[in-house]
Amino acid sequence: MNGTTDQTRHQDRVWSVAEHLDDVLSKIHPLEPIELQLLDAQGCVLVEDITVPLALPPFDNSSMDGYAVRVADVAGASEEFPAALTVIGDVAAGSGEPPAVGPGEAARIMTGAPVPPGAEAVVPVEWTDGGSGEGPVLTMLPHSRDGMGGGEVRVHRPVEPRAHIRAKGSDVTAGEPALRAGTVLGPPQIGLLAAIGRGTVKVRPRPRVVVMSTGSELVQPGEALGPGQIHDSNSFQLTAAARDAGAIAYRVGAVADDAETLRATLEDQLIRADILVTSGGVSVGAYDVVKETLTDFSAEEGTVEFRKLAMQPGKPQGFGLIGPDRTPLMALPGNPVSSYVSFELFVRPAIRTLMGLPDAHRPTAQAECTEPLASSPKGKRQFLRGSHDPETGKVTPVGGTGSHLIKALAHANALIIVPEDVTEVAAGDEVEVVLLG
């Protein structure tokens, strides 16, 4: 009798947003690191400090297309009295050992090519006649038409020592730190790793998130609706949100309100999931199949607990660990706004925790509310859609409080938080907002 009473009391407990989130994150741990090819590591979190093994650039090279010269040979040069130099050949990027430049000589050099021995500066081609014997030119003749760049060039301007030369190690020197553990690898970081010769890198992989909606009324977008049917928006919205959070997300077609079908689908998806996300079927209705199915799981299959949270929207929530690997499952309510708000508050931090990021939460800010907010339910934390202007520090409510109003959600870039002990917000009051973009 006491056990039944305790269970009933537990089911009747109302959790705060913070209590539910803390419980979820206490049971989720970062994924084990793996070695990945560079492009496969994009979006992943680095787990090792990377040191530069060689200087960048690895040699003095030209920052311009032009001529490598000795400074003394072009001192005082002008268009009226140009310095005439013998061109000893071309120095192209990747062309091997360049020829040495002696007195009265120049080497035609391309951007990125190594500065030849004896040269002290690079004269841009626009400061020369390009070997044409006429006035200033804007470009070089193509190599295919000019052979090896021999002949004579007239230089019309002097240069300072080291002009238009990128010094060896001017970007980074050998032994210098390149990237620290904890860095999220985006395109610039991938580029740096490639530049210093790293073909693979040790990272925490991006979590694999499987998203599924439940409900016999759901129809794939693009298909005609029958009586009582609606298009499945949640699975698309949540899959996109998972990808935005940094995960590899898989969308499963809507599952009908049938316990055996849902159970079979979950079992099939466990093999490719680091976290499972469902929407719908978690309230108290007779057709709430997610709650029915997961409540009946055996001890071997795992445990999912369904809770009431002191929040609006998103009161019903489910969370547990299922399958042989105890994969996290997060069961979200089915109304589109409830589902998305729940994702932002609970699923996104879980994904970011799996990635090993130090701060898993969306940033927040204080903002002036431009309109009054009335009738917020006492004892519940309310999350309203808002349009936040970072320049003015103001936020304007978007749409009403209904959890089905998905259009308003599409025009919001923030969630306005109304705390549990606040029932009204006056225009001009300061509120806390969760920044979504």
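Above: the structure in question.
Values in this document were obtained by computation on a predicted structure and should not be read as measured data.

**Q** Pulling in residues and values, what's your account of the sheet that holds strand 3 (residues 45-46)?
**A** On the basis of which strands lie adjacent, the open sheet formed by three strands has the order 2-13-3 and antiparallel pairing. With one partner strand each, in any of the chains shown, strand 2 (34-37) and strand 3 form the two edges of the open sheet. Where strand 3 and strand 13 (residues 200-204) come together, two bridges link them in antiparallel fashion. Among the inter-strand pairings, V45 is bridged to a residue of strand 13, identified as R204.

**Q** Requested: an account of the sheet that holds strand 19 (residues 302-309), with residues and values cited.
**A** Hydrogen bonding along the main chain pairs the strands of a sheet, whether they run parallel or antiparallel. An order of 1-19-21-22-18-14-17 is seen for the seven strands of this open sheet, with the pairing classed as mixed. The open sheet has two edge strands, strand 1 (14-15) and strand 17 (248-255), and neither has a second partner. Bridge count for strand 21 (residues 316-322) against strand 22 (residues 327-332) is five bridges, and the pairing is antiparallel. In the sheet register, L321 faces strand 22, and the bridge partner there is P328. Packed on one face of the sheet, helix 6 (residues 259-269) meets strand 14 (208-214), strand 17, strand 18 (275-279) and strand 22 and runs near 170° to strand 14.

**Q** Describe the environment of D22, and please don't skip the residues or the numbers.
**A** In this fold, D22 is placed in helix 2 (residues 17-26). Expressed as a C-alpha distance, the spacing of D22 and F346, which sit 324 residues apart in the sequence, is 9.3 Å.

**Q** I'd like a description of the pattern of salt bridges, backed by residues and values.
**A** Here the structure, examined in full by the defined rule, presents 18 salt bridges. A salt bridge links K27 to D23; the shortest N-O distance between them is 2.5 Å. Using a relative accessible area of 37% as the deciding quantity, one classes K27 as partly exposed. D23 gets classed as buried once you look at its relative accessible area, which sits at 14%. Here R154 and E152 are joined by a salt bridge, their closest N and O atoms 3.5 Å apart. Assessed through its relative accessible area of 29%, R154 is described here as partly exposed. Take E152: its relative accessible area is 36%, and that puts it in the partly exposed class.

**Q** Mind laying out unusual backbone geometry, listing which residues take part and the relevant values?
**A** Negative phi values dominate among residues other than glycine, just as trans dominates among peptide bonds. Cis geometry is found at the peptide bond from L56 to P57, where omega equals -10°. The omega torsion across Q312 and P313 is -5°, close enough to zero to call that bond cis. Inspection of the secondary structure puts P313 in the loop between strand 20 (311-312) and strand 21. Of note in the backbone geometry, R162 takes a positive phi value of approximately 70° without being a glycine. Positionally, R162 belongs in the loop between strand 10 (152-155) and strand 11 (165-166). Assessed through its relative accessible area of 42%, R162 is described here as partly exposed. One non-glycine residue, R326, lies in positive phi territory at about 50°. Structurally, R326 is set in the loop between strand 21 and strand 22.

**Q** Please give an account of the nonpolar core that cites residues and values.
**A** Formed by 40 residues in total, the largest nonpolar core has its most connected members in V209, M311, M330, F343, F346 and I351. Those elements giving two or more residues to this core turn out to be helix 2, strand 14, helix 5 (234-244), strand 18, strand 22, helix 8 (336-355) and strand 26 (414-418). The leading source of residues in this core is helix 8, at 11 residues. Counting 20 residues, the second-largest nonpolar core is a separate cluster that includes Y67, L85, V125 and W127.

**Q** Please set out the environment of V252 residue by residue, giving values where relevant.
**A** Structurally, the position occupied by V252 is in strand 17. Considered as a pair, V252 and V87 are 165 residues apart in the sequence and their alpha carbons are 67 Å apart. Ignoring sequence-local partners within four residues, the contact set of V252 consists of V210, V211, M212, S213, S235, T265, Q269 and R272.

**Q** How would you sum up helix 8? Please name residues and give values.
**A** F343 marks the point of greatest bend in helix 8, at about 45°. For helix 8, a buried count of 20 out of 20 residues is recorded, marking the element as mostly surrounded by other parts of the structure. Downstream of helix 8 by a residue or two, G356 has a phi angle that is positive, lying close to 85°.

**Q** Would you mind going over the packing of helix 5 against helix 8 in detail, with residue names and values included?
**A** Orientation of helix 5 relative to helix 8, taken along the N-to-C sense of each, is 25°, at an axis distance of 10 Å. Judged by the inter-axis angle, helix 5 sits roughly parallel to helix 8. In terms of crossing hand, the pair formed by helix 5 and helix 8 is right-handed. Of the residues in helix 8, those touching helix 5 at N234, Q237, L238, A241, A242 and D244 are P336, S339, Y340, F343, R348 and I351. Of the residues that constitute the contact of helix 5 with helix 8, the class distribution is seven nonpolar, three polar and two charged.

Reading guide: rules and limits
Residues numbered from 1 in each chain as written. Predicted model: local features only at pLDDT ≥ 70, side-chain atom pairs only at ≥ 80, totals over all residues. Heavy atoms only, no water. Pairing = 2+ DSSP bridges. Helix = DSSP H or I, 4+ residues; strand = E, 2+ residues; numbered from the N terminus. Contact = heavy atoms within 4.5 Å. Axes fitted to C-alpha atoms, helices over the stretch in contact; angles between N-to-C directions. Salt bridge = Lys/Arg side-chain N within 4 Å of Asp/Glu carboxyl O. Buried < 20%, exposed > 50% of the residue type's maximum accessible area, 1.4 Å probe, protein only. Core = buried A, V, L, I, M, F, W, Y, C linked by side-chain atoms within 4.5 Å. Bend = angle between axes of the 7 residues up to and from the residue. Parallel < 35°, antiparallel > 145°, perpendicular 65-115°, else oblique. Left-handed = near helix turned anticlockwise from the far one by under 90°. Nonpolar A, V, L, I, M, F, W, Y, C, P; charged D, E, K, R; others polar.

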